[in-house]
Structure formats: structure tokens, C-alpha cells
Amino acid sequence: MTKECRGPNEKVSLRSPRAALQFVIRHRSLVRHSLIRPSSFVFLLLFSPALQGADNVSVLGSEPHWNVLERYEETITHDEFTRLVKDVYCTHGLAPDLVEISDKTARILMNRDAQKFFILRFADNDDARKTVPRRWRPAKLLSSTKPQKPLSGLKIALDPGHLGGRWAKMEERWFQVGSSPPVQEGDLALRVARLLAPRLSKLGAKVSFVRNSNEPITAKRPDDFLETATKILISHGVPQPRADVLDPNDPEKEQTIRWQSKILFYRYSEIRRRAALVNFKLHPDLVLCLHFNAEGWGDPNNPTLTDLNHFHLLVNGSYLPEELEFDDERFEMVRRLLSRAYDEELPLADTIALAMARETGLPPYQYPTTNSTTKVGKSGYVYARNLLATRLYRCPVVYCEPYVMNSKDAFARIQAGDYDGARAVNGVERKSIFREYADSVVDGLIEYYSKAPE
Ligand SMILES: [Zn+2]
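Residues numbered from 1 in each chain as written. Predicted model: local features only at pLDDT ≥ 70, side-chain atom pairs only at ≥ 80, totals over all residues. Heavy atoms only, no water.

### A short note on the sheet that holds strand 10 (residues 373–375)
Phase 1: Overall, mixed pairing links the seven strands, which are arranged 7-4-8-12-9-11-10 in an open sheet. The sheet is open, and its two borders are formed by strand 7 (206–209) and strand 10, each paired with just one other strand. On average, each strand axis in the sheet is tilted by 25 degrees relative to the strand beside it, whichever way the strands run.
Phase 2: Across the sheet, helix 7 (residues 257–282) lies against strand 4 (155–160), strand 7 and strand 8 (286–290), angled at about 165 degrees from strand 4, the strand it touches most. (Pairing = 2+ DSSP bridges. Helix = DSSP H or I, 4+ residues; strand = E, 2+ residues; numbered from the N terminus. Axes fitted to C-alpha atoms, helices over the stretch in contact; angles between N-to-C directions. Contact = heavy atoms within 4.5 Å.)

The following block contains the structure:
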């Protein structure tokens, strides 16, 4: 599921009550359709005056190094920059002083209190563009000469979402029907990654794992965040936060230090550590984030199974105006835009989506609102959304969300486990759900890298 990006504890800096109200309206619709239940706390923190702290950065973020953008001077034209801002990254608009585009330059706000700006010079025309600095290589620089090795030289990092194992309950990526084996998203995603890896290697790719066990990448644990969790709660209008949750159905559990410290651990700290691994060690040309989707299942010990089943893929974009108020998120958005990761990840996501549609026969997921996402590309299955992983990994990222784990069909197939060939599940002969997932990703990659765009 795609709730990594924000939680009720996301620090939000809002400049006007009107903006705050719009944000609440957006988040209301977001939380209603997720497993993270809305709470009065979400609304409380948004109006807290303590939100405008000294460091205007998102949760566990740090002050950006704006001088990095100097390397992108004259690498993009005015028209291309404007197109990416309007169609991909700032589709919900942005405050006029955050990014001001003129003929020759873009003026990007670095710090509002100090009124400091970064001035990015555009290239005069396409021919005058300087080379875009980046570690990853686009498909056109990788064209393989061997037909049996279409992924030759491609460095792919596989990122199975979440943790699974003993952490699955804490992550709220766990449900169990009666006495059947529990469904844990982190475990399912890892299984798909392990099926994918040898197949991709055989096709010539150099495969690495961002996670290859049920243990976190981060060395931190919830106990390391007790102080930060307390500070967040106090600064968000809970003067004397409770230490622990008394009852799992406690509607105010979000206001406890324990609950906040867990989210800081498994979401923010973990994904930020994965990003460090991707950006400073693995240096892949592409990251595939592997997830399974879900519809709200209610009580995890007595979950609702649904007839709904669908899939979609995500690429980075569609930042909310409120997110762009954070100095680090705005910086990361601009850096990502300038890296042109989108030009690679969008056609790739579209190609994988069509392969997945053929294999699974599933319809595209339709987000109930367009408040946090923007449909992009041609396949009808791809959305832009600002998730922590798609924002922080500095290379093209395709984030896969096939299957509703608690659909009757997917649940039966998950219970059937992994197997060779086809078997009747719910009266239909099918591949194992894990192989179907892996096969469709492989098919999409072969297709994309065999005929890389000019
Ligand atoms: Zn997920």
C-alpha cells in the first residue's frame, strides 16, 4: 500500500488558515480510503502555531544543500522546465513565491524567513543545453547488442516494500482470516523480488536488493525515537502525550508516544536509510518498488474481503502545495525534475503497466479523488504521486501496486502460495500470483529496454 509518504505526524507548515483548511479537506479524503483512520489529531496538528519551527523541513529531513543545483545551470530550457512543473510536479499549483519562472531563469525559494532564492539559468534552446549530471543511465545509453540479453548492463535495485515478518503487525500490513496463514505485505513483496532477481540477471541485468530479509535497513528502533515522538506531539498541540496505547482500537492512539515512535522507525527512518543505500552505495539505473495494494480491511483479525481487485503504478510527481512549503521537499522536487528521471520512468511505467494488464486482466485503480495524485502517461494505469521513496531515490523509480490483497480472488491466490505452472484457484486455472507479478514486470522491462526510445 502507498501510505509511506505521510502520516498524521507529518509536520506541516501552513501559512494561512485557508491553506490549512484545503489541506484538511484533502487529507480527509486521503485518510478515508486508507487503513490509517482519520482522527481529530490530524486536524489538531494542522492548526498548531508551533508548526513553524526553525527548521522548515519534513519529518526526519534535513536542510537541503542548495548549491547542488548549480550543476544543473543551463541544462534545461524554459519550455521544458515549465512543462514539467505544470504537467508533472506541481499539478495542484504552488505558491507564486516558491518557484517563479521567467524567460531566462527560475527563481526558487530557499528560505522564506531569510528571503533567499536560488536562481537557475535556463538553456537558450535545445541545442544549447548542457549535459544533465547524473549517475544513472537512460535506456538509450544501454542498448544491448545481444537479443538474448536485452537488459545487458542495466543496474536494477529491487525494493520490496515494508518489512514483514515480526514487524508486519506494527506496520499495519497484516491481516488474518480465521486460522489461515496471515497475509503480510512485506513478505509477499520480498517473495516477488526473489523470483524477479534471477530472471533479471539471466537477461543481463545487474540486480541488487534494497531489502532482502524481514529486518530493517535502519539501525534505529522505536525506542530511539521516544524523544522525537514526544517533541512532535507537544509541538502539535498535545501538551502531555500519553506513553502508550492501552487498547488497539483506541481512537486516540495516534496521540501516544509509542505509536508515533513506531511510525518514525518503520516509515520515516527506514525509507530514509533505504534512500541512503540506493543513492550512496547501490547507484542503480532503476529502482523497482514492489508492493501489493489493499482496500480497507477493518479489523485485521476479522478482515473484510472485497470483490474489488485492480492495479496501478506510481512515479514521482503531483506535489501538494503544502508539501512544497517544506524546504527539503521543494529542493528534492526541483532536483528530481532537473535530473529528468520522469522522461525515463514514465514510458517504462507505461510499458510495465500494459504487460501487467495483459497478464493479470485487472482494471486500472481509480483514485477516489485527484487531490494527491495525477494520472500521467498513456496506459491509464500510471499516476504521479509524491511518496517518500519515489522522491528520495535519485534515479528513475517505478512503484508497483498490483492486486488488492484482501480481494477474494487475490486472497485465495496468496493462500495457494507459489507454484510452478497453472492451478485451479477459485475455479480458474492460474499461475501463482507471485509468478504472474514477476513475469509481467520482466515482460515490461524486456519490451522497454529492447526498443529504447531515441
Ligand atoms: Zn505497500
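From this point, the narrative continues.
### Some words on the pattern of salt bridges
Phase 1: Taken as a whole, this structure holds 33 salt bridges when the rule is applied.
Phase 2: In this structure, Arg-166 engages Glu-215 in a salt bridge whose closest nitrogen and oxygen atoms are separated by 2.9 Å. Taken as a pair, Arg-166 in the loop between strand 4 and helix 4 (168–171) and Glu-215 in the loop between strand 7 and helix 6 (226–235) lie far apart in primary sequence, 49 residues in all.
Phase 3: Given a relative accessible area of 61%, Arg-166 falls into the exposed group.
Phase 4: For Glu-215, a relative accessible area of 30% gives the class partly exposed.
Phase 5: A salt bridge links Arg-430 to Glu-436; its shortest N-O distance comes to 3.2 Å.
Phase 6: Overall, Arg-430 belongs to the buried group, its relative accessible area being 18%.
Phase 7: Linked through salt bridges whose partners overlap, the residues forming this network are Glu-73, Glu-74, Arg-121 and Lys-130. (Salt bridge = Lys/Arg side-chain N within 4 Å of Asp/Glu carboxyl O. Buried < 20%, exposed > 50% of the residue type's maximum accessible area, 1.4 Å probe, protein only.)

### Digging into the sheet that holds strand 2 (residues 105–111)
Phase 1: What the three strands build is an open sheet, ordered 1-2-3; its pairing is antiparallel. Two strands bound the open sheet, and with one partner strand each, they are strand 1 (99–101) and strand 3 (116–121). Between one strand axis and the next, the sheet turns by 20 degrees as a mean value, whatever way the strands run.
Phase 2: Two elements, strand 2 and strand 3, share six bridges in a ladder whose sense is antiparallel. Among the inter-strand pairings, Asn-111 is bridged to a residue of strand 3, identified as Lys-116.
Phase 3: In the packing of helix 3 (residues 78–89) onto the sheet, the strands contacted are strand 1, strand 2 and strand 3, and the crossing angle to strand 1 comes to about 140 degrees.

That is the geometry; function is a separate question.
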